Amino acid sequence: IELYDRARMSLSLHGMCCVAWTGITVIYFVTSAGHLFVPLSWTLFHDPAATIIGECFMDLVAKILYMALILEAHVAAFDEAKRANRRLAELRNTMSVVWENSSDTIAISVRKASGNVTTMISPSFFQPALIARQEENIDNISAVVLEISNIDTTNRKDSITDWSKVNAKDLKGVGMRIIQKADFADIDLHSATRTNKFEPLNRNDPMSPRAISFVDMLSRAWRTKMDEIVFEHDAILQAGSSRTKFEVKLTRLEENAVVIVVRDVSERYRRFEAEKRFVFETTARQKDAEANRFTRHEVKNGLLAAIEICGNVREQVSADFNLFQKGFKHDMLISEESVASRVENVTELDRTLHEVLDIVLAETMARDVIHEMYVPRMERIDVNHILSQLRGFQAKNDQFTVVCRPSPLPIFLSDQGLFKCIHGNAIRNAIKYGKNGGNVTVEATYDSERGHFKMDVVNLPGPGHEKLMALGSRASELVFSHGTRLHKDSGLEKNSHSAGDGAWIIRKCAKILGGNVDIQFEETRTVFSFQAPVKVYDAPSRDVGTFHLPPGVWGIAIDDSKIQRKLLRRFFIHAGIQENRQVILGHNRDEISGFVEFIIDFVKRHPDDLIFLIADENLEMEGSAISDHETISGSECIKRIRSELDLSQERRMLALVRSANDSPDDLALYNSRAHGYMPKVPLRGISVREMVSPLWTKRFPKRASEVSNESDEEMSRIASIENLRDLTLISPAELLADLKEIDNLCVKNDSSEMKDKWPVIWDKLHQLKGDIQSVNVDDEFSDTIILIEALRGDSAPADFMSKWLRIRSHVFSHFCSRNSDENVNTIL
């Protein structure tokens, strides 16, 4: 029952109670005391039963009145007709709310006997147009009615409405009328409607684009023969605007009447496209992360190994070239030109390998920068050296100029990779897109008071410079936009397949450093500017060049690569750890699998010694079968070692993870498991000490100054040798053992046997030469190396034994001059 009916019935009940109880009271007094005031002729009042008669009468009257009221309430609540009317009224009110306020558009379309179609549409579809039209009392608008001619309906078949292609002819067959709420109840869509009540559409009316779009939807709806169908319709409501997508659901009520529900699904499609882009970007980011890990580990390791091998080849070829310089041409089997060509080729190969390594590192860094995953690595950088590089381009004489203020610039503490990326892209663009052969000037300025660095790369105007100037300030914005290129390839030396993202990546790099970039196209030049805050590198109190670990330190390392194990041995020597206190593991499966137990036992057996531990992150254990192949994590091994040692034992150890993977996630993992991280880079003497010094000082601040005075002179000499290959890595005992092995092969100087043994003998001689070269710091063995090289050939020369005796004598004279003849004979 409605609230009003309840209130009315409640009032009737109260009124009925008042009347009934008042009547009962009045009758009681009348029948009880009435005989005192009336004569005896009024026998009813003098009858002793008068009171009971009055009460019974009023009781019956009250019950009749109450029953009438109860019957009315029952009818109101349970009568089928009134209940139906009540429900229809509720439905009408609900549908009115839905009709006027639903975001979905509801339309009732009726086809008349004339063939014209009259459609009443809820106002939500035209809401934006009504606002644009500045229609008064929009809230009082209940519907919009469209009258469409039969010809217009049959001729419309497109699934898209493009307002820019609609002409005046398309507007003639459509009339429109806005219905107010007061007139809504009187509309009869089946009756003939006077055409003069409809407004014709015109191109200046904001309602017309939406009206024409709805007409196209109706045309498609009326052509279908199905009772229910869902289809999509696109509309371009303004010239140059994006598509608006509608989902249309048709329900046929009868042959000439349909109900259409239209929903704007543009937001759903945009959200779907955004989700697709998100999934694509996430997948691309994951693939890039996997590619970066592969690049950092496999490719970088391969390049480092190739650089090491190239260095060894360069040393060998350089030794051949020295033979010619020292006049030993008659003992050589190759020409001077051939040796010089080999030296040049190996040098070029070494340079190319380093360039490829720089490109690989820059590529992996760029991926992290693009995905906003890159964390800057603050390190000591020499900006003077970075600015002098051309990044793969060959400049003509005096074409490239660097101006520094002050000169030279101080050593900064910043991210070297980001600086190289910014400078490299700026230089490449200046050479590629500037004037062909024009001067390129790099002006670098450091403001010590503000701690501010600025770099300007200036080049002369190139092709299309006038068009770039015409863009004004917008040119700078376009240059640093994603996927935008304002130049055509200049075709200088290299074919470019750039996507136009170089400048975009530069801006991201600058933001990571807390700076910004800009470019100005002036009349006589183009100026690229980069500026960022920087800090001057605070050099450690102790000279890194002479830093070395204190005596008594054990150096333990593990790696599954033979070349890397050789590099680690050299690494320890440069760090100041003598060869007799080095333990290099990883030669076989047992050493790798038992690494944790070995280190724990080693630490316990040396309770007073400090231990410097280096573990490669990916330790591969090969088995007899492919299924036995296994890889264990070096950082996980270090974590186990640290957890199983007690606090006092763990404090005596510096454990580092050595890996080519240096992503932020990897570094966080390494630092959580070990005391630090050591990258895989081409090793040089000064770089080893720069790498070890801060890690050792941080781990053992109280022992950092404990160095041996006896070794200061030796370490100073080592520090002056930048290339690790110049170190004395072979002990005298190892060289003398090599001599003894060759002696055993030469015991019987039979020509037939010598012919068969010669390949083995030459391999041993070649190995001896390599070992001698590694200790040939002061050219003490130059003559010996020349003699060995003179023996090169497919067969043993006729004077082999005489030359061998000279080689043997020279080596013995050097290593055994301080030994007694008895010791020498013992060795022999």
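Everything below is about the structure printed above this text.
In what follows, the accompanying structure is described. All values reported here derive from a predicted model rather than from experimental measurement.

**Brief notes about the pairing of strand β3 (residues 141-148)**
Right, so step 1: Burial analysis of β3 places eight of its eight residues in the buried class, the great majority of the element.
Right, so step 2: Sheet topology note: the strand β2 (residues 117-121)/β3 ladder contains five bridges and is antiparallel. Residue pairing across strands places Thr-118 opposite Glu-147, the latter belonging to β3.

**Considerations on the packing of aromatic side chains**
Any pair of aromatic rings gets described here by the distance separating the centres and the angle formed by the planes.
Right, so step 1: By the definition in use, this model includes 18 aromatic pairs.
Right, so step 2: Aromatic side chains Phe-125 and Phe-214 sit 5.0 Å apart centroid to centroid with 75° between the ring planes, which places their arrangement in the edge-to-face category. Taken together, the residues span a long stretch of sequence, with Phe-125 in the loop between β2 and α5 (127-132) and Phe-214 in helix α9 (residues 207-223) at a distance of 89 residues. Like Phe-214, Phe-125 is buried.
Right, so step 3: Considering the side-chain rings of Phe-571 and Phe-612, the 6.5 Å spacing of their centres and the 50° angle between planes classify their relative orientation as tilted. Of the two residues, Phe-571 is situated in helix α17 (residues 562-575) and Phe-612 in strand β20 (residues 611-616); the sequence distance between them amounts to 41 residues. The same class applies to Phe-571 and to Phe-612, which are both buried.
Right, so step 4: Connected via pairs of aromatic rings, a cluster forms that spans Phe-412, Phe-419, Tyr-446, Phe-453 and Phe-530.
Right, so step 5: Arg-210 extends its terminal NZ or CZ atom over the ring of Phe-125, reaching a point 5.4 Å from the ring centre.
Right, so step 6: We note Lys-245 situated over the ring of Tyr-269; from NZ or CZ to the ring centre the distance is 4.8 Å.

**A short note on the nonpolar core**
Right, so step 1: Phe-419, Ile-422, Phe-453, Met-455, Val-457, Phe-528 and Phe-530 are the most contacted members of the largest nonpolar core, which totals 44 residues.
Right, so step 2: Residue contributions to this core peak at eight residues, all from helix α13 (residues 416-433).
Right, so step 3: Listed in part, the 37 residues of the second largest apolar core include Ile-138, Val-144, Leu-146 and Leu-201.

**Observations concerning the pattern of salt bridges**
Right, so step 1: Here the structure, examined in full by the defined rule, presents 19 salt bridges.
Right, so step 2: The partner of Arg-699 in a salt bridge is Glu-650, and the shortest N-O contact between them spans 3.2 Å. Separated by 49 residues along the polypeptide, Arg-699 in helix α23 (residues 685-699) and Glu-650 in helix α21 (residues 647-650) bring together distant segments of the chain.
Right, so step 3: When its relative accessible area of 9% is taken as the criterion, Glu-650 is described as buried.
Right, so step 4: Counted as one network, the salt bridges with shared partners bring together Asp-234, Arg-243 and Lys-245.

**Examining a nonpolar patch on the surface**
Right, so step 1: Together, Leu-44, Ile-52 and Ile-53 make up an exposed nonpolar region whose accessible area comes to about 280 Å².
Right, so step 2: For Ile-53, the position within the fold is in helix α3 (residues 50-78).
Right, so step 3: Since its relative accessible area comes to 45%, Ile-53 is described here as partly exposed.

**Some words on α9**
Right, so step 1: Taking 1.5 Å as the rise per residue, α9 with 17 residues should run 24 Å; its terminal C-alpha atoms sit 25 Å apart, in good agreement.
Right, so step 2: The buried fraction of α9 is high, at 15 of 17 residues.

**Quick notes on the sheet that holds strand β18 (residues 554-558)**
Picture the strands of a sheet paired through backbone hydrogen bonds; they go either parallel or antiparallel.
Right, so step 1: Overall, parallel pairing links the five strands, which are arranged β19-β18-β20-β23-β24 in an open sheet. On the outer flanks of this sheet lie β19 (582-585) and β24 (676-679), each paired with one strand and no other. Here the average twist between neighbouring strands, direction ignored, is 20°.
Right, so step 2: Note: strand β23 (residues 653-659) against β24, four bridges, orientation parallel. Each bridged residue has a counterpart across the sheet, and for Ser-659 the counterpart in β24 is Pro-679.

About the criteria used
- Residues numbered from 1 in each chain as written.
- Predicted model: local features only at pLDDT ≥ 70, side-chain atom pairs only at ≥ 80, totals over all residues.
- Heavy atoms only, no water.
- Buried < 20%, exposed > 50% of the residue type's maximum accessible area, 1.4 Å probe, protein only.
- Helix = DSSP H or I, 4+ residues; strand = E, 2+ residues; numbered from the N terminus.
- Pairing = 2+ DSSP bridges.
- Phe/Tyr/Trp six-rings, centres within 6.5 Å; stacked < 30°, edge-to-face > 60°.
- Lys NZ or Arg CZ within 6 Å of the ring centre and 35° of its normal.
- Core = buried A, V, L, I, M, F, W, Y, C linked by side-chain atoms within 4.5 Å.
- Salt bridge = Lys/Arg side-chain N within 4 Å of Asp/Glu carboxyl O.
- Patch = residues over 30% accessible without salt bridge, like charges linked within 9 Å, V, L, I, M, F, W, Y side chains within 5 Å.
- Areas by Shrake-Rupley, 256 points an atom, 1.4 Å probe, with all protein chains shown as cover.
- Expected span 1.5 Å × (residues − 1).
- Axes fitted to C-alpha atoms, helices over the stretch in contact; angles between N-to-C directions.

That is the geometry; function is a separate question.
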